[in-house]
Amino acid sequence: MYTALYRTYRPETFQEILGQEHIVKILRNQVATGSMSHAYLFCGTRGTGKTTTARILAKAANCLSDGDRPCGTCSHCLAIKAGNFLDVMEIDAASNNGVENIRELRESVKYPPAVGRKKVYIIDEVHMLSTGAFNALLKTLEEPPEHVMFILATTEPQKLPPTILSRCMRLDFRRVPQKVIEDDMRKICRERGVSITDDAIRLLANSADGSVRDG
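First things first, this report covers the structure right here in the doc. Counting starts from 1 at the beginning of each chain's written sequence and moves along it residue by residue. Only residues with pLDDT of at least 70 are given local features in this predicted model, and only at 80 or more are side-chain atom pairs given and counted; all residues enter the totals for whole chains, interfaces and linings. Values reported for side chains reflect all heavy atoms of the structure, with hydrogen atoms and water molecules removed beforehand.

**Structural notes on the pattern of salt bridges**
Defined as follows: Each salt bridge in this description consists of a side-chain nitrogen of Lys or Arg and a carboxyl oxygen of Asp or Glu lying within 4 Å of one another. The cut-offs for exposure are 20% and 50% of the maximum accessible area for each residue type, with area from a 1.4 Å probe on protein chains only; residues under the lower value are buried, those over the upper are exposed, and the others partly exposed.
This model, assessed by the stated rule, comprises 17 salt bridges. Put simply, Glu143 and Lys139 hold a salt bridge, and the shortest N to O gap is 3.7 Å. Relative accessible area serves as the criterion here: at 55%, Glu143 is assigned to the exposed category. Given a relative accessible area of 39%, Lys139 falls into the partly exposed group. Across the salt bridge formed by Arg202 and Asp199, the nearest N and O atoms sit 2.5 Å from each other.

**What to know about helix H3 (residues 50-62)**
Turn by turn, an α-helix covers 3.6 residues, leaving residues three or four places apart pointing in a common direction. Which entries qualify depends on this criterion: Secondary structure follows DSSP: runs of H or I at least 4 residues long count as helices, runs of E at least 2 residues long count as strands, and numbering of each begins at the N terminus. Expected helix span is given by 1.5 Å per residue-to-residue step, counting one fewer step than there are residues. Residue contacts are defined here by distance: any two heavy atoms, one from each residue, within 4.5 Å place the two residues in contact.
Helix length check: H3 (13 residues) gives 19 Å between terminal C-alpha atoms against 18 Å at 1.5 Å per residue, within 8%. When H3 is considered as a whole, its buried residues turn out to be Lys50, Thr51, Thr52, Thr53, Ala54, Ile56, Leu57, Ala58, Lys59, Ala60, Ala61 and Asn62. Those residues of H3 hidden inside the fold are in contact with helix H2 (21-33), strand S1 (39-43), helix H4 (75-82), strand S2 (88-92), strand S3 (119-124) and strand S4 (148-154).

**Some points on the pairing of S3**
Our working definition: At least two bridges found by DSSP between two strands are what make those strands a pair. With its strands directed away from the observer, a crossover is right-handed exactly when the path from the first strand over the helix to the second travels clockwise.
A large share of S3 lies buried, amounting to five of its six residues. Pairing of S2 with S3 involves five bridges; the strand directions are parallel. Opposite Glu90, over in S3, you have Ile122 as the bridge partner. Relative to S4, S3 runs parallel, the two being bridged by five bridges. When the sheet's bridge partners are listed, Val120 is paired in S4 with Met149. In terms of handedness, the path from S3 via helix H6 (residues 131-142) over to S4 forms a crossover that is right-handed.

**Remarks on the environment of Glu16**
Residue position: Glu16 is located in the loop between helix H1 (5-8) and H2. Other than its neighbours up to four places away in sequence, Glu16 contacts Arg10 and Pro11.

**Some points on the packing of aromatic side chains**
The cut-off we apply is this: Stacked, edge-to-face and tilted are the three classes for Phe, Tyr and Trp ring pairs, Trp counted by its six-membered ring, which pair at centre distances within 6.5 Å; planes under 30 degrees apart are stacked, over 60 edge-to-face, the rest tilted.
What the rule picks out here adds up to three aromatic pairs. Taken together, a centroid distance of 5.2 Å and an interplanar angle of 55° make the contact between Phe42 and Phe173 tilted. Here Phe42 is found in strand S1, whereas its partner Phe173 is found in the loop between strand S5 (169-172) and helix H8 (178-192), with 131 residues between them in sequence. Each member of the pair, Phe42 together with Phe173, is buried. In textbook terms, an aromatic cluster arises when at least three aromatic residues are bridged by ring pairs, as seen for Tyr40, Phe42 and Phe173.

**Brief notes about the nonpolar core**
How we decide: What is meant by a nonpolar core is a set of buried Ala, Val, Leu, Ile, Met, Phe, Trp, Tyr and Cys residues, joined one to another through side-chain atoms within 4.5 Å.
With 25 residues, the main nonpolar core has Phe14, Leu27, Tyr40, Phe42, Leu57 and Ile151 as its most contacted residues. Elements supplying a minimum of two residues to this core: H2, S1, H3, H4, S3 and S4. Of all the elements, H3 adds the most residues to this core, at six residues. Contacts of Ile151, omitting those with residues within four sequence positions, involve Tyr40, Phe42, Ala54, Leu57, Val120, Tyr121, Ile122 and Ile123. Within the second largest apolar cluster, 23 residues are counted, among which are Val109, Leu137, Leu160 and Ile164.

Here you go:
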């Protein structure tokens, strides 16, 4: 079965993330020193790596390696990649934006991790939550259990209540430079045996407008 290129080449470790060196440096340092926040807010335009970075951070929090984390090869890293790790939950706020959805989340937060070190909740498109849902989430962000980490991702941080913003560590994802996208496209073409001109690469990378996924 064909898998879209953006899924085939999705980064699995920090060193594979494109064009977000400022964020990678912060997160790797926090992982290495054991000073990860209980709540992150990843902001930025589409296709810049917010959800991918969230998954990599979830791996780092639960990785079994004694070296650089995440290793991408231990059983926990592989389970998170496959989407069947019990302690990492991804929620799409666009379709789960009601108070009841967040109340269910608050109930599950009370229980310790089943197999990992941390229970990680990745809430995508978090700006889509209703006012009631934000209020319900706020209570958990105010007094989070030790074993829980929240990673909120959004393209529209201005739509989040100040009370939520003030309780998260905010990281802003930049549009990826055209040169970085061009170099990555060349690498993919080489790996797949595809012949392509520099002009075509340039045109494609320019059209991507800073979004690796669109590219």
